[in-house]
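Commentary on secondary and tertiary structure
Here is how the chains run, residue by residue.
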Amino acid sequence: MNFVEQPATDQHTDLVIAIDGPSGSGKSSTARGVAQKLGLSYLDTGAMYRAITVAFLRSDLQASDAAGIAALADNAELTVTDDPEAPAISLDGEDVTFIIREPQISQHVSVVATNPHVREVLTDQMRALVEAADRRIVVEGRDITTVVWPDAQVRVLLVADAEARIARRQAELDGVDTAQVTDQVVRRDRDDATVSEFGTPAEGVHLVDSTHMGLAQVIDLICAMVPDDME
Ligand code: DC
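Report follows, based on the coordinates. (Residues numbered from 1 in each chain as written. Predicted model: local features only at pLDDT ≥ 70, side-chain atom pairs only at ≥ 80, totals over all residues. Heavy atoms only, no water.)

**Quick look at the pairing of strand β5 (residues 88-91)**
- Note: strand β4 (residues 78-81) against β5, four bridges, orientation antiparallel. Paired with T81 across the strands is A88, a residue of β5.
- Where β4 folds back onto β5 in an antiparallel hairpin, the turn is made up of six residues.
- Both β5 and strand β6 (residues 94-95) contribute to a ladder of two bridges, which runs antiparallel. Opposite S90, over in β6, you have D95 as the bridge partner. (Pairing = 2+ DSSP bridges. Helix = DSSP H or I, 4+ residues; strand = E, 2+ residues; numbered from the N terminus.)

**Some words on the site of the ligand**
- Neighbouring residues of the ligand: 15 residues in total, closest R50, R119, R142, D143 and D192.
- The side chain of R50 places a nitrogen or oxygen atom 2.7 Å from an oxygen atom of the ligand.
- Residue D143 places a side-chain N or O atom 2.8 Å away from a nitrogen atom belonging to the ligand.
- For the shell around the ligand, the elements supplying multiple residues, two or more each, are α2 (45-58), α4 (103-113) and α8 (178-192).
- A per-element tally of the shell around the ligand places α2 first, with four residues.
- A per-class count over the shell around the ligand returns four nonpolar, three polar and eight charged. (Near = heavy atom within 4 Å. Polar contact = N/O pair within 3.5 Å; in protein donor to acceptor, adjacent residues only side chain to side chain. Nonpolar A, V, L, I, M, F, W, Y, C, P; charged D, E, K, R; others polar.)

**Points about unusual backbone geometry**
- With a phi close to 60°, D134 is a non-glycine residue in the positive phi region.
- As for its placement among the helices and strands, D134 is situated in the loop between α5 (116-132) and β7 (136-141).
- Residue classification places D134 among the partly exposed positions, given a relative accessible area of 39%.
- Positive phi is not limited to glycine here, since R135 has a value of about 55°.
- Checked against the element boundaries, R135 lands in the loop between α5 and β7. (Buried < 20%, exposed > 50% of the residue type's maximum accessible area, 1.4 Å probe, protein only.)

**Describing the pattern of salt bridges**
- For the coordinates displayed, the defined rule picks out eight salt bridges.
- Across the pair E140 and K27 runs a salt bridge, and its minimum N-O distance is 3.8 Å. Here E140, found in strand β7, pairs with K27, found in helix α1 (residues 27-38); they are 113 residues apart in sequence, far enough to count as distant.
- Close ionic contact of R187 with D191 constitutes a salt bridge, the shortest N to O distance being 2.8 Å. (Salt bridge = Lys/Arg side-chain N within 4 Å of Asp/Glu carboxyl O.)

**Description of the nonpolar core**
- Grouped together as the largest cluster of nonpolar side chains are 38 residues, with contacts concentrated most on L43, M48, Y49, I89 and L122.
- Broken down by element, the residue count for this core peaks at eight residues, all from α2.
- L38, Y42, V154 and V208 belong to the second largest nonpolar core, which has 20 residues in total. (Core = buried A, V, L, I, M, F, W, Y, C linked by side-chain atoms within 4.5 Å.)

**Looking at α2**
- Between the first and last C-alpha of α2 there are 21 Å, a value that for 14 residues agrees with the 20 Å anticipated at 1.5 Å per step.
- With 11 of 14 residues buried, α2 is to be regarded as a mostly interior element.
- Looking at α2, one finds that the buried residues are T45, A47, M48, Y49, R50, A51, I52, T53, V54, A55 and F56. (Expected span 1.5 Å × (residues − 1).)

Given below as structure tokens:
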């Protein structure tokens, strides 16, 4: 794994902000916005699972071949850019930042994300990325508050009603029909929930329901959770 480092700052107080939540909860926009506002790095862990899914779809492996999929994660070289202004990810030297958003990746990503060995390999890489950012980073995913970095200074579970999440994803994916978006949101949540518990907040995790909130409001709310001496 490689890491494109941002210029060093002179701040050394740990400030890891962990944001978990289901698809369409507004996690990515919120996490990027919080990172920009507080001058922190930004890590989208879902992008890492998606990049391995690109490798899976390019291979001739069957979805049932758990060992083969596990080996993909062992052999893939991921390079993550943690700039919230321009987050990017490369797979074996190829920039896959846009490919990972294609519908067939969203359709198949659960096959990769439910593989226990893939989760172990990527979790190690996520922790290394947090360290490389001097522990001043916003990390978003499904299991950041519980598994990847449970000691984060701010821990949030961001949720929204399924109807609101489907509507948001549909607005993002112009031209994709409602049935396909519903599959991506509802079915994927069900698959993902088999490996990470992100329906209810763990102890010490703030539950934020964004169903009736605007993006700026959610960003402000999370920034306000940061203790004054850590900014
Ligand atoms: O947030 P996203 O839709 O880009 O995530 C893509 C997939 O990766 C999703 O199906 C859940 C999975 N994922 C996960 O299992 N654990 C994470 N920390 C992040 C994402």
